[in-house]
Amino acid sequence: MFSARVQTTVCSPKQAARLSKAVAPLLRSSALGYPAGLRLAVVASVQQHNGSSSRSFSTTPVTHLKDFFPAKETEHIRQTPPAWPHHGYTEQEMLDVVPAHRKPETWGDVFAWKFMRMCRWGMDFATGMRGEKQVDKTNPTTAVNTIKPLSESQWLVRFLFLESIAGVPGMVAGMLRHLHSIRRLKRDNGWIETLLEESYNERMHLLTFMKMCEPGWFMKLMILGAQGVYFNGLFISYLISPKLTHRFVGYLEEEAVHTYTVAIKQIDEGHLPKWSDPKFAVPDIAIKYWHMPEGKRTMKDLILYIRADEACHRGVNHTLSNLNQKEDPNPFVSVYKGSELAPRPASRPQGYERHEVI
């Protein structure tokens, strides 16, 4: 495996364009296509200036762009499929998702909600959603109108920051329940798999956005710090009260659904022209993971899939918070008696009450 690197400073943009046109046909004519380890920096640079690359909304200068996770060519392995294939949605299921809020009913709910609001303020401040770019503060989880829209790059920064911490709760909860099951020599009744799959799904969101935008060093430091604080906080919280932690995660997912709904609205209103450009293409990793059909591969379609995922996590965590944490089985992977169907969390923003599913 080798890598050819060309410095863009040794030639002018016109010369770079000519060089890329001369090199590209040679690579396409190869029987092997584009080798995974061969990346010409000058070709990537020209694609960025022409607006044809899916990574054209990066917060990092073009000369510093790189593929974060290139496909590594091996002697025997062709590809590695996802451990948890996506179950898919119908178009109507994705369109039916709406921002919603479960009103706090206990003191624990109030604490989780207030703490989530504080975290939301921190994320808004860190990602530039301030002043006229914010929604009505009296209905922060359901209002979607803003005076001034965000740009594509600002949205991607927000998505990256959100998804970098959204993948933590499922892993922490799944890990602790796994260790608890081993320590107590008891079955977990299906919770572990759902929690780990949730964490995996959130990580796929992050990997998809990383194919479109490379964060700068400051954003990487913020992600590192936020993940360290968030992981340890959730670890201690889940040891003390799993019920309270699931309620907090349910409120976190409410914010995620709200964020993606606002982004979709701004696309529909024409405020994000780069994402409405017919030439824009979503990353291949997204097409393969969500099995996105031909003609449904726009940025709006991608966000609809991701928002539906967040709606599922919202309903799952609010439901799990309502259950007996030690004895109740996971209703979302259980087979029900008679003709009763398993609950569908995306359709219940406030989650299911225990008597409805157990």
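For clarity, every value in this text was computed on a predicted model and none was experimentally measured. (Residues numbered from 1 in each chain as written. Predicted model: local features only at pLDDT ≥ 70, side-chain atom pairs only at ≥ 80, totals over all residues. Heavy atoms only, no water.)

1. Quick look at the overall build of the protein chain
Part 1 of the reasoning: For the protein chain, the helix and strand inventory stands at 13 helices and zero strands.
Part 2 of the reasoning: Overall, the protein chain shows an N-to-C arrangement of helices and strands of α-α-α-α-α-α-α-α-α-α-α-α-α.
Part 3 of the reasoning: By the burial criterion, 44% of the 358 residues in the protein chain qualify as buried.
Part 4 of the reasoning: Considering only contacts within the protein chain whose residues lie at least 6 apart along the sequence, 77% involve residues at least 24 apart.
Part 5 of the reasoning: Accessible surface for the protein chain amounts to roughly 19700 Å². Of this, 60% is attributable to carbon and sulfur atoms. (Helix = DSSP H or I, 4+ residues; strand = E, 2+ residues; numbered from the N terminus. Buried < 20%, exposed > 50% of the residue type's maximum accessible area, 1.4 Å probe, protein only. Contact = heavy atoms within 4.5 Å. Areas by Shrake-Rupley, 256 points an atom, 1.4 Å probe, with all protein chains shown as cover.)

2. Thoughts on the side chain of Ser181
Part 1 of the reasoning: Relative to the helices and strands, Ser181 resides in helix α6 (residues 168-184).
Part 2 of the reasoning: What Ser181 contacts, discounting residues up to four positions off in sequence, is Lys186, Arg187 and Asp188.

3. Thoughts on the nonpolar core
Part 1 of the reasoning: If you look at the biggest cluster of nonpolar residues, it comprises 49 residues, and the most contacted ones within it are Trp155, Phe159, Phe209, Trp275, Met299, Leu302 and Ile303.
Part 2 of the reasoning: Once residues within four sequence positions are removed from consideration, Met299 is found in contact with Phe159, Phe209, Met212, Ile267, Trp275, Phe280 and Val282.
Part 3 of the reasoning: The next biggest cluster of nonpolar side chains, apart from the first, holds 24 residues, and it includes Trp113, Trp191, Leu234 and Phe248. (Core = buried A, V, L, I, M, F, W, Y, C linked by side-chain atoms within 4.5 Å.)

4. Considerations on the side chain of Asp109
Part 1 of the reasoning: With respect to the helices and strands, Asp109 occurs in helix α4 (residues 107-127).
Part 2 of the reasoning: At a separation of 3.1 Å, a polar atom in the side chain of Asp109 contacts the main-chain amide nitrogen of Glu105.
Part 3 of the reasoning: Those residues in contact with Asp109 that sit more than four places away from it in its chain are Pro104, Arg247 and Tyr251. (Polar contact = N/O pair within 3.5 Å; in protein donor to acceptor, adjacent residues only side chain to side chain.)

5. Remarks on the pattern of salt bridges
Part 1 of the reasoning: Taken as a whole, this structure holds 14 salt bridges when the rule is applied.
Part 2 of the reasoning: The partner of Arg348 in a salt bridge is Glu356, and the shortest N-O contact between them spans 3.0 Å.
Part 3 of the reasoning: For Glu356, a relative accessible area of 32% corresponds to the partly exposed category.
Part 4 of the reasoning: A network of salt bridges, in which partner residues are shared, links Arg102, Glu105 and Glu353. (Salt bridge = Lys/Arg side-chain N within 4 Å of Asp/Glu carboxyl O.)

6. Quick word on the packing of aromatic side chains
Part 1 of the reasoning: Counting across every chain of the model gives 15 aromatic pairs.
Part 2 of the reasoning: Considering the side-chain rings of Phe209 and Tyr260, the 6.5 Å spacing of their centres and the 15 degrees angle between planes classify their relative orientation as stacked. Here the residue Phe209 occupies a position in helix α7 (residues 191-210), and Tyr260 occupies one in helix α9 (residues 242-268), the gap between them amounting to 51 residues. Here Phe209 matches Tyr260 in class, with each residue buried.
Part 3 of the reasoning: Ring-pair connections join several aromatic residues into one group, and the members of that group are Trp84, Tyr200, Tyr289, Trp290 and Tyr305. (Phe/Tyr/Trp six-rings, centres within 6.5 Å; stacked < 30°, edge-to-face > 60°.)

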